[in-house]
Amino acid sequence: MTQYVYAFEEGQATMRALLGGKGANLAEMTRLGLPVPSGFTITTDACMEYLAANNTLTQDMLSQIETYLEDLQLRTGKSFSTGDELLLVSVRSGAAQSMPGMMDTILNLGLNDVNVERFKQMTGDGRFAYDCYRRLLQMFGNVVYDISGSYFERHLTTYKAALKVTNDQELTEADLKKIISTYKEIYQKVAKKEFPQDPQQQLLEAIEAVFSSWNNERAFVYRNLNDMSHEGGTAVNVQEMVFGNRGDTSGTGVAFTRNPATGENKLFGEYLLNAQGEDVVAGIRTPLPIATLEEAMPTVYDEFVRVADLLEDHYQDMQDIEFTIENSKLYLLQTRNGKRTAKAAFQIAVDLVNEGKLSKAEALMQIDPKSIDQLLHPSFASAALAYAELVTDVGLPASPGAATGQVYFDAAAAQEAVQRGEEVILLRQETSPEDITGMSISEAIVTSRGGMTSHAAVVARGMGVCCVVGCEQLSIDEANKCASYPNGQLKEGDLISVDGTNGAIYRGDIDKVPTEAEETFQTMMAWARELSDLKIRMNAETVNDIKTGLAFDAAGIGLVRTEHMFFKEERLREMRRFIISNRQTEQDRALGEILGYQIEDFVNIFSLTKDKPVVIRLLDPPLHEFLPHTEQDVATLALQLDVAQESLARRVSELTEVNPMLGHRGVRLAVSYPNLYLMQAEAIIRAAATVNETGVNVQPEIMIPLVGMKKELSLLREAITQHIDDLLDELNVQVDYTIGTMIELPRACLIADELVDDADFFSFGTNDLTQMTFGFSRDDAAKYINQYISDEILPLDPFQTLDVEGVGSLVKTATELARAKQPDFKLGVCGELGGDPQSIEFFHQIGLDYVSCSPYRIPIAQIAAAQSAIKYATMKEKLEV
């Protein structure tokens, strides 16, 4: 019989896939002898079987749950309905991969109209007992019966306002009884249901609700945002309750063993006295810094520091710990590797290596390559800040960055604004899991409540979104879509700027400047390059882009797009002259002018790259892209070139194609106009010879695009080689050049063993190869790709992440065919997939030499390449043992 339920004593950290992250870590902490309340975990397998069976718990599951519940009652000496001690439990989700705040939790389960009085007698505190019951009704109604939390919160807020009290703790037992009575009416009015009085019915309904939460919208969105699988399910953890709301010697909190925003090696966290865990996470009350616990409860604080150090050493990573204090006794409710900003991730990883806790390889494996984007986020220009209108600077800097956008007060309105093309900033009193879609598309998130471990703070850091929380000077009125502050008011649509690094908010747009990479970043990148097998080049042709790529220590240039060099007015004019002329003398004159421009271009490039290899793609686009298309533009060009307007219009019409991406472009253009490619090859060699005079050895790699047939390549290679050899004899110099082809047609992949005879290298153009393989127009695919992904026709956008089964298979086939003939044949990738971590892993696995991507994706690619090398070296070692 399949085991669906495990006591904490039966599990361990390695059982994460089965017990979920939370269950595995609760089991591991129990195994380590730490103060963890008793409980059991219902497995992820049970979840997936439940969902597959139309949301039905099988008899085996029900039987095992009953058995383990009885065992829990025996171990704790407590019971739902008999004996002197009352058993209350929490029911919490826990997937294998951490998804903070995305699924569901219920506390105080087991209370009912009878048990609340028993609980009152046991604890001697009626207010405490009824506060727990009130919380259960609210959480159970929201999670199990899908009653919006706003119904409960609205009544609670109205009731407190009528009493002129601010804090929940000021409510008396009598007040709480009245609130509970109204909560029950909400059940009947909204859900048309009664709150179940049978604790075992409560438990089973709660378990089913947590299993079902695996497929709720916010969890689905979160997994999509984080490239997580929708398979696997969530476990359910049923755990004996401990109470942080029993008075001023009790409390609850969340703490990180290091600062998750900066990486500083200092305990970082917050807690609330006389509260339950949801109060901290939801941000309803602003908590106290963990450091103040040392004065409030020194013994508990010392124990917590000891436990935090032990857990970080055990897991060899920064830990995010949830804890409760009940009557001055510490209990641990969860530990997990903490979500952190990219800046913190680099700082923590380097520090752990320096402290001797991790190797370089282990540290690199802790970095999320995609998070590097946020590390290089811009900051506000200090000169611009001097004149900016300050809204508030008392917020807590929860997630760094500098962002500008228009204010919106709910996730739905933010989504609509983004669809209109606006950049938005989400303002909320506090966020909840239901806000995840709006949070993910916002430039920044601002809340008036909550602390550094609130839902908004934790989720924003995980997503790399700029965030400021606890802005108490902002009075946010979500219903009326406005926010007041001491010197003014913000309304929906107003433009503001948010400084997530310093916790400040300003009116209007503020100039931004790039952030300089810190020393820890440089250290990690050096380790990445040291451990990588795959070289990372850049796609670049402008001076600024090349300088950026070189600053990231790119191994060279993997793609110079020469067509980008022709759009300055004087260059475009000569290219147009070449295209429209029917006379060889006119064409030669135009090419002569263009040759001078191209030599200048390539000298500028080679002067920067020096000895590094540079792949230069010869002209790829169809000629008609260089020509005017409106009647006015045709008339203007006719005057410039001194040709008849009718003749020019006719030439434009002749060159216009129905499907230009499959038309007269790339190698086909050179077959028709060979002098065009010969001119470019000459410019490359002349420029290389000029720069070589400075003492460097330029390595130009000349690439012919869109080859699909052996004869195309051999014909052009022979012509280009002859032209270059004649030129080198004329100049009496030597240039180490190579000639290769861009593999972007499926046919080229299938005849790679033939093409290799006439090429010195291949570079896979994954943009066109994906387009040609799928038959998708990459310019139009956005209209339906998202639908394909949501309907699970496609797992991911194939223009963003390699389609391994189709496009990947073609790349692998070409690689194997080429290497079978020439084992050391050079192979690279120059499409934007060269900057995607998942794709890089595949390219490394099949043995490519390099990938090339846009300059700002180079660090992402470098980390991903190192991780792939580490991963596959580890796998190889295991296979060899």
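For the structure given in this document, a descriptive report is provided here.

The rules behind each value
- All residue numbers refer to position in the chain's written sequence, counted from 1.
- The predicted origin of the model limits local features to residues at a pLDDT of at least 70 and limits the giving and counting of side-chain atom pairs to 80 or more, whereas totals for whole chains, interfaces and linings rest on all residues.
- The side-chain numbers reported here are obtained from all heavy atoms of the structure, hydrogens and water having been left aside.
- In this text, buried Ala, Val, Leu, Ile, Met, Phe, Trp, Tyr and Cys residues form a nonpolar core when linked through side-chain atoms within 4.5 Å.
- Working definition: with a 1.4 Å probe on protein chains only, accessible area under 20% of the residue-type maximum means buried, over 50% means exposed, and in between means partly exposed.
- The helix and strand labels rest on DSSP assignments: H or I over at least four residues marks a helix, E over at least two residues marks a strand, and numbering proceeds from the N terminus.
- The criterion used for residue contact is that any of the two residues' heavy atoms lie within 4.5 Å.
- The pairing criterion for strands is at least two bridges between them, as found by DSSP.
- Comment: axis = line fitted to C-alpha atoms, over the contacting stretch for helices; angle = value between 0 and 180 degrees taken between N-to-C directions.
- Centres within 6.5 Å make a pair out of two Phe, Tyr or Trp rings, where for Trp the six-membered ring is used; the pair is then stacked when the planes are under 30 degrees apart, edge-to-face when over 60, and tilted otherwise.
- With respect to orientation, any angle under 35 degrees is reported as roughly parallel, any angle over 145 as roughly antiparallel, any angle of 65 to 115 as roughly perpendicular, and every other angle as oblique.
- When the near helix sits turned anticlockwise from the far one by under a right angle, the crossing is termed left-handed; a clockwise turn instead gives a right-handed crossing.
- Here the nonpolar group is Ala, Val, Leu, Ile, Met, Phe, Trp, Tyr, Cys and Pro; Asp, Glu, Lys and Arg are the charged ones; every other residue, Gly included, is treated as polar.
- What a helix should span is 1.5 Å times the count of its residues minus one.

### Observations regarding the nonpolar core
Stage number 1. Counting 219 residues, the largest nonpolar core has Ile 42, Phe 606, Leu 676, Ile 704 and Phe 762 as the members making the most contacts within it.
Stage number 2. Of all the elements, helix H27 (residues 674-692) adds the most residues to this core, at 12 residues.
Stage number 3. If we ignore the near neighbours within four places in the chain, the residues touching Ile 704 are Leu 618, Val 667, Tyr 677, Leu 713, Leu 716, Arg 717, Ile 720, Ile 739, Gly 740, Thr 741 and Met 742.
Stage number 4. Counting 22 residues, the second largest nonpolar core, distinct from the first, contains Ala 255, Tyr 271, Leu 293 and Leu 330.

### Observations concerning the sheet that holds strand E14 (residues 402-408)
Stage number 1. Strand order in the open sheet made by the 8 strands is E12-E22-E21-E14-E15-E16-E17-E13, with mixed pairing throughout. The sheet terminates laterally at strand E12 (389-392) and strand E13 (396-399), the two strands that pair on one side only. Averaged over neighbouring strand pairs, the angle between their axes works out to 35° when direction is ignored.
Stage number 2. Here strand E16 (residues 444-447) runs beside strand E17 (residues 466-469); their pairing, made up of 3 bridges, is parallel. Residue Ala 444 lies in a different strand from E17, and its bridge partner there is Cys 466.
Stage number 3. Against the sheet, helix H17 (residues 411-419) contacts E14 and strand E15 (424-428), and its axis sits at roughly 175° relative to E15.
Stage number 4. Those strands touched by helix H19 (residues 455-463) are E13, E16 and E17, and its axis lies near 165° from that of E17.

### Overview of the packing of aromatic side chains
Stage number 1. Overall, the coordinates contain 26 aromatic pairs when judged by the stated rule.
Stage number 2. Between the aromatic rings of Phe 152 and Tyr 183, the centroid separation amounts to 4.8 Å while the plane-to-plane angle is 70°, which identifies the pairing as edge-to-face. Taken as a pair, Phe 152 in helix H6 (residues 149-163) and Tyr 183 in helix H7 (residues 173-191) lie far apart in primary sequence, 31 residues in all. Across the pair, Tyr 183 and Phe 152 agree in class, each one buried.
Stage number 3. Taking 5.5 Å as the distance between ring centres and 40° as the angle between the ring planes, the aromatic pair formed by Phe 346 and Phe 521 counts as tilted. Linking Phe 346 in helix H13 (residues 342-354) with Phe 521 in helix H20 (residues 519-531), this pair joins segments that are 175 residues apart in sequence.

### A word on the packing of helix H31 (residues 766-774) against helix H33 (residues 804-821)
In helix packing, the relevant descriptors are the interaxial angle and the interaxial distance, both defined with respect to the helix axes.
Stage number 1. Taken N-terminus to C-terminus, the directions of H31 and H33 make an angle of 120°; their axes are 10 Å apart at the nearest point. With respect to H33, the element H31 is oriented oblique. Considering how the two elements wind past one another, H31 and H33 form a crossing that is right-handed. Here Leu 769, Thr 770, Thr 773 and Phe 774 of H31 lie close against H33, whose contacting residues are Val 807, Leu 810 and Val 811.
Stage number 2. Of the residues assigned to the contact of H31 with H33, the class counts are 5 nonpolar, 2 polar and no charged.

### Considering the sheet that holds strand E18 (residues 475-477)
Stage number 1. Strand order in the open sheet formed by 3 strands is E18-E19-E20, and the pairing between neighbours is antiparallel. Taken across any chain shown, the strands that pair with only one partner, and hence form the sheet edges, are E18 and strand E20 (488-491). Along the sheet, successive strands turn relative to each other by an average axial angle of 20°, direction set aside.
Stage number 2. With 3 bridges connecting them, E18 and strand E19 (residues 482-485) associate as antiparallel partners. Each residue of the ladder has a partner; that of Ile 476, found in E19, is Ala 483.

### So, helix H12 (residues 298-315)
Side chains of residues three or four places apart in an α-helix project in the same direction, reflecting 3.6 residues per turn.
Stage number 1. Over its 18 residues, H12 runs 26 Å from end to end, which matches the ideal 26 Å to within 8%, given 1.5 Å per residue.
Stage number 2. Tucked into the core, H12 has its buried residues touching helix H1 (16-31), strand E6 (251-256), helix H11 (293-296), strand E9 (319-326), strand E10 (329-337) and H13.
Stage number 3. Positive backbone phi, at 55°, marks Gln 316, one or two positions downstream of H12.

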